[in-house]
Amino acid sequence: GRIINLADYRPTDFVLERVDLTFELDPTETKCTSRMLFHRREGAATDAPLVLDGDELNMTGLLYDGMPMEAERFTEEDDVLTIRELPETGSFEITVETVINPEANTQLMGLYRTNGIYCTQCEAEGFRRITYFYDRPDVLCVYTVNIIADKESCPLLLSNGNFLGGAGYGEGKHFAAWFDPHPKPSYLFALVAGDLGVVEDSFTTMSGREVALKIYVEHGKEPRASYAMDALKRSMKWDEEVFGREYDLDIFMIVAVSDFNMGAMENKGLNVFNDKYVLADPDTATDADYANIEAIIAHEYFHNWTGNRITCRDWFQLCLKEGLTVYRDHEFSADQRSRAVKRIAEVRHLKSEQFPEDAGPLAHPVRPTKYREINNFYTTTVYEKGSEVTRMIATILGAELFKKGMDLYFERHDGDAATIEDFVKCFEDASGRDLSQFSLWYHQAGTPLVTVSSAYDQAKGVFTLSFEQMVPPTPGQSAKEPMHIPLRFGLLLADGTEAEPQAIEGAEVTGDVLHLTQRQQTVTFSGIPTRPVVTLNRGFSAPINLHFEQSPADLAHIARHDSDFFARWQALSDIALPNLVAAARNARNAAEIAVDPLLVDTLVAIAGDETLEPAFRAQILALPSEADVAREHGGNNDPDAIRTGREAVMAVAAHKGAELFAALFDRNHTKGGFTPDAASAGKRALRNAALGYLAIAEGRPDRAAKAFETADNMTDMSAALTVLAHRFPDAPETAAALEAFRARFADNALVIDKWFSIQSTIPGHGALERVRTLMESPLFNRSNPNRVRALVGTFAFANPTGFNRADGAGYRFLAEQILEIDPKNPQLAARILTSMRSWRALEDVRSDHALNALRTIAAGEKLSSDVSDIVERMLK
Ligand code: DPP
Ligand code: ZN
């Protein structure tokens, strides 16, 4: 594929007024007729042709105002349909007829079939696999959709908007017509047909309109959709209350399908979901599954305003809808659950997924300026960093002005295909603040590094902080400008109160936010009676790396006393990380591993503090991960040494806290009826974290085996199974539990995914053989993305020692898998390949093997643009 540049954007030469689509569904020969009404755009060249996008299409007819088009007026070449000699003024109609084979569509883009259900996925460029079209987000029009299908196998015929009517159609067929009154781009088109069960409910909007809510799932799975329905109603209410956004159609539908490349898709009025993010009950879903369902249901629903009513001008603006909508779903979950714990989980995810992306060969700005394959830009940078950038706008402006800016955005751009500049302008206009320096967050890739030092002058009562910021070079961007970095901060005094400086000089301060704007900046605080302990970047107000040599004692003070619980967690990690990095170094050099007793004491003290919520204590007990240590280590990484070092630190904590962990394990048992609420989930998280430490301290599988046998919900059951498998892979108890789990859930693919993932993440060099064996299991299904992600994806992304074997066998396996998956499902292949994004940070032996594996992939025949784009960027 060629490179697309933001700078080349220009509007289409023709305006699409409306489209009527008719589908005659058939498993292998679906007929699609698209009637499009166009007129030439004012100012467009009078001889400009109409150029429509296609992708592997079989066009069987082309009409102009109802008559066959003369052959010399059009060409169909390289997936582009070009039509010439079109009128200078006035509307004309183009009809395109195509024949589609949904059964053969293994890419899961366009119209495909999954378990007998016809379904579509059109974002980003799937609509062009259905018919020739202006398949770009700035072409909005109203759609009428007629669906004709076999009555018996497809009793259900769904599309966007409102149902117009239906009737019989002869020969055992029937038809349904839908009209979507809201102009939309093609990526939001959806069609679903098949035989599904439904859960129904309704929602009364703030202006009193009744909206029918329907969630469609496979027959028999209806009871497992009730939590999703509850989450949907809470989302609708929350968006009214917090953002003032009301739903705008008479019906809102969600369809759950089992073969899906993404999490879910926000098609207007007809969301299509990966069933993993709809189906849940206590026996089969974990607390994490429930939380994901709540977040993703909310996310897709929130897109109705941030994405659908206001869409993107072009795909470079993807973060306009994704970053903003992630921010909205984060805020929703924070309001539904514990805000502090939610924030900790978000930052953990950001640091483990986005920071490595931003520090490696795939780094790109939140708003990129060029791409080869847009599918590869649905990244944690666009989503998660995009959300952080939105959060920083809220931090800089304050809640009130942020709300004013959002209201202005909805008012000014409803119905538009907008840009990041449009978005930022709304906040500038609402607040009067200049956000031009701030906008660098959209344009400069790389995680800023802020280095801090402090000094205290007792005699003058003056405290000084010196800052230096640096944005590392990233592909295509060597020199960076200083950024506007909003840091929430506090000056803690020994007595537990906070200092209130008489004056602050050297930086703008608004409330508790300190604004860094220069490469180097010295800030003085006067009227400080005793040496304060600074807590910086509270709430992770800016997505940066902070280098600040604070003493472990100061960090322990923050970890025990800060009013901001995120900062407490951060401080504990900041004590832990140097210990873990030193432990890894010592392990690599076969030297003795020592642990700062302060780390262990603080960890145990917080874990045992009954005044703190269990979910928070569970987060504290989950020390920085092996991937976190690798990132902190920053290069020449040896995953085996990192694990050995971290295990040694864990062992010290496990023995020191053994008694407490046993008490936590007993006391936090949520017996009796399972409820997925945050408080109960927190207790389970704490109990299962304690179980993990106890397995180390006790060195026997008995407790975990018993926990597995007596578990009355999937959270406890999968946690116990994970402890058994990861700590005692060879114990007979483990083999028995794995087999019992398989036998019980063999007919539930989503639960079997957990069985695959737990085994593919068993640490150590034997993992690869285990994964190969599991791939032979009759429960494995290569054509289902969830199965492939659960086994191959999890192995590559989440098993550092198993995947990064020093002999390179893990990388060779991945290369083999990528080359096998790519011809069928390039998006899936490309996504799994990004697991190697940090290969350059490995020590030499491993990085050589990784390089060879990447070269093997690059040399593959007929690589998709998805995989070749990723592999080429990784090799650059
Ligand atoms: N469906 C994906 C999401 O909501 C892409 N838009 O993020
Ligand atoms: Zn989204």
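Residues numbered from 1 in each chain as written. Chains lettered and ligands numbered in written order. Predicted model: local features only at pLDDT ≥ 70, side-chain atom pairs only at ≥ 80, totals over all residues.

A. Broad picture of the overall build of the chain. Counting secondary structure elements, the chain contains 27 helices and 33 strands. Radius of gyration (C-alpha) of the chain: 28 Å, near the 29 Å computed for a compact globule of 876 residues. Its C-alpha atoms put the chain at 90 × 65 × 60 Å along the principal axes. The 876 residues of the chain split such that 51% are buried. Relative to all contacts within the chain whose residues are 6 or more apart in sequence, the contacts with residues 24 or more apart total 70%. (Helix = DSSP H or I, 4+ residues; strand = E, 2+ residues; numbered from the N terminus. Rg over C-alpha atoms; globule rule 2.2 N^0.38 Å. Buried ≥ 20, exposed ≤ 12 C-beta atoms within 10 Å, placed from the backbone. Contact = placed C-beta atoms within 7 Å.)

B. Spatial organisation of the nonpolar core. Val 192, Val 255 and Val 278 are the most contacted members of the largest nonpolar core, which has 256 residues in total. Setting aside its immediate chain neighbours within four residues, Val 255 contacts Cys 119, Val 192, Tyr 216, Leu 270, Val 272 and Phe 273. (Core = buried A, V, L, I, M, F, W, Y, C linked by C-beta atoms within 7 Å.)

C. Examining the sheet that holds strand β14 (residues 162–168) more closely. Taken in spatial order, the 8 strands of this open sheet run β6-β5-β9-β3-β2-β12-β15-β14, and their pairing is mixed. The sheet is open, and its two edges are formed by β6 (67–68) and β14, each paired on a single side. (Pairing = 2+ DSSP bridges.)

D. Looking closely at the domain arrangement of the chain. Taken domain by domain, the chain consists of domain 1 (1–195), domain 2 (311–443), domain 3 (449–535) and domain 4 (746–876). Centre-to-centre, using C-alpha coordinates, domain 1 lies 35 Å away from domain 4. Counting residues at the interface gives 4 residues for domain 1, matched by 5 residues for domain 4. In the side of domain 1 that touches domain 4, the residues fall into 1 nonpolar, 3 polar and no charged. (Domains from an automatic or database assignment. Nonpolar A, V, L, I, M, F, W, Y, C, P; charged D, E, K, R; others polar.)

E. Broad picture of the site of ligand 1. The environment of ligand 1 is made up of Glu 123, Met 262, Ala 264, Met 265, Glu 266, His 299, Glu 300, His 303 and Glu 322. Sorting the residues of the shell around ligand 1 by element identifies β20 (264–265) and α2 (287–302) as the ones contributing at least two each. Residues of the shell around ligand 1, tallied by class, amount to 3 nonpolar, 2 polar and 4 charged. (Near = placed C-beta within 6 Å.)

F. Structural view of the sheet that holds strand β29 (residues 508–510). Pairing in this open sheet of 4 strands is antiparallel, and the strands run β29-β30-β27-β32 from one edge to the other. Each having just a single partner strand, β29 and β32 (533–536) make up the two edges of the open sheet. Each strand axis lies, on average, 35° off the axis of its neighbour in the sheet, ignoring direction. Sheet analysis places strand β27 (residues 485–492) next to strand β30 (residues 513–516), joined by 4 bridges and oriented antiparallel. Within β30, the residue paired with Leu 487 across the bridge is Leu 514. Here helix α9 (residues 552–561) sits on the sheet in contact with β27 and β32, set at roughly 65° to β32. (Axes fitted to C-alpha atoms, helices over the stretch in contact; angles between N-to-C directions.)

G. Representation of the UniProt feature "domain: Aminopeptidase N-like N-terminal" (unreviewed entry) in the chain. Here, UniProt's "domain: Aminopeptidase N-like N-terminal" (unreviewed entry) annotation points to residues 22–188. Helix makes up 0% of residues 22–188 and strand 51%. Its end C-alpha atoms lie 17 Å apart. (UniProt positions renumbered as here; feature names shortened; annotations may be inferred.)

H. Representation of the pairing of strand β8 (residues 80–83) in the model. Burial along β8 is one-sided: the face carrying Leu 81 and Ile 83 is buried and the face carrying Val 80 and Thr 82 is not. Across 4 bridges, the pairing between strand β4 (residues 50–53) and β8 is antiparallel. Within β8, the position partnered with Val 51 by the bridge is Thr 82. The sheet contact formed by strand β7 (residues 74–77) and β8 spans 4 bridges and is antiparallel. For Glu 77, the partnering residue across the bridge sits in β8 and is Val 80. Between β7 and β8, which pair antiparallel in sequence order, lie 2 residues; one of them, Asp 78, sits at a positive phi of approximately 45°.

I. Highlighting the confidence of the model for the chain. Confidence along the chain averages 98 in pLDDT terms, with 100% of residues attaining 70 or more. Taken together, the chains of this predicted complex give a pTM of 0.99 and an interface ipTM of 0.98. (pLDDT = per-residue confidence, 0-100.)

J. Structural view of the packing of helix α17 (residues 702–710) against helix α18 (residues 714–727). For the pair α17 and α18, interaxial distance at closest approach is 8 Å and the crossing angle is 155°. Classified by the angle between their axes, α17 and α18 sit roughly antiparallel to one another. Remark: the crossing between α17 and α18 carries left-handed chirality. Residues Ala 704, Ala 705, Ala 707 and Phe 708 of α17 pack against Asp 716, Met 717, Ala 720, Leu 721, Val 723 and Leu 724 of α18. For the contact of α17 with α18, the class distribution of residues is 9 nonpolar, no polar and 1 charged. (Parallel < 35°, antiparallel > 145°, perpendicular 65-115°, else oblique. Left-handed = near helix turned anticlockwise from the far one by under 90°.)

K. A look at helix α7 (residues 420–431). Counted at 1.5 Å a residue, the expected span for α7 with its 12 residues is 16 Å, and the 17 Å between its end C-alpha atoms agrees. Structurally, α7 contributes buried residues whose contacts are with α3 (318–336), α5 (380–397), α6 (399–413), β24 (417–418) and α8 (440–443). A positive phi of about 75° marks Gly 432, the residue just after α7. (Expected span 1.5 Å × (residues − 1).)

L. Structural detail: unusual backbone geometry. Of note, the bond from Glu 123 into Ala 124 is cis; its omega dihedral lies within 30 degrees of zero at 0°. Despite not being glycine, Asn 115 has its phi angle at roughly 50°, a positive value. Under the C-beta neighbour-count criterion, Asn 115 is labelled partly exposed, with 13 such atoms within 10 Å. A positive phi angle, near 50°, is found at Glu 171, a position not held by glycine. By secondary structure assignment, the location of Glu 171 is in the loop between β14 and β15 (173–184).

M. Structural detail: the environment of Ser 91. You can see Ser 91 is positioned in the loop between β8 and β9 (92–100). Under the C-beta neighbour-count criterion, Ser 91 is labelled partly exposed, with 13 such atoms within 10 Å. Linking Ser 91 and Ala 7, residues 84 residues apart in sequence, is a C-alpha distance of 30 Å. Residues contacting Ser 91, with those up to four places away along its chain left out, are Glu 17, Leu 37, Phe 38 and His 39.

N. Molecular detail of helix α27 (residues 865–875). Here α27 has its buried residues at Asp 866, Val 867, Ser 868, Asp 869, Ile 870, Val 871 and Met 874. Looking at the buried residues of α27, the elements they touch are α24 (809–821), α25 (826–833) and α26 (844–858).

O. How the structure looks around the packing of helix α4 (residues 339–358) against helix α13 (residues 626–633). Between α4 and α13, the least distance of the axes is 10 Å, while the angle of their chain directions is 40°. In terms of crossing hand, the pair formed by α4 and α13 is left-handed. Here Lys 351, Ser 352, Phe 355 and Pro 356 of α4 come into contact with α13, specifically with Ala 627, Asp 628 and Arg 631. Taken together, the residues that form the contact of α4 with α13 break down as 3 nonpolar, 1 polar and 3 charged.

P. How the structure looks around the pairing of strand β31 (residues 520–526). Sheet topology places strand β26 (residues 462–470) next to β31; 7 bridges connect them, and they run antiparallel. When the sheet's bridge partners are listed, Phe 467 is paired in β31 with Gln 521. Taken together, the 3 bridges between strand β28 (residues 503–505) and β31 define a ladder with antiparallel strand orientation. Directly across from Ile 504, in β31, lies its bridge partner Phe 525.

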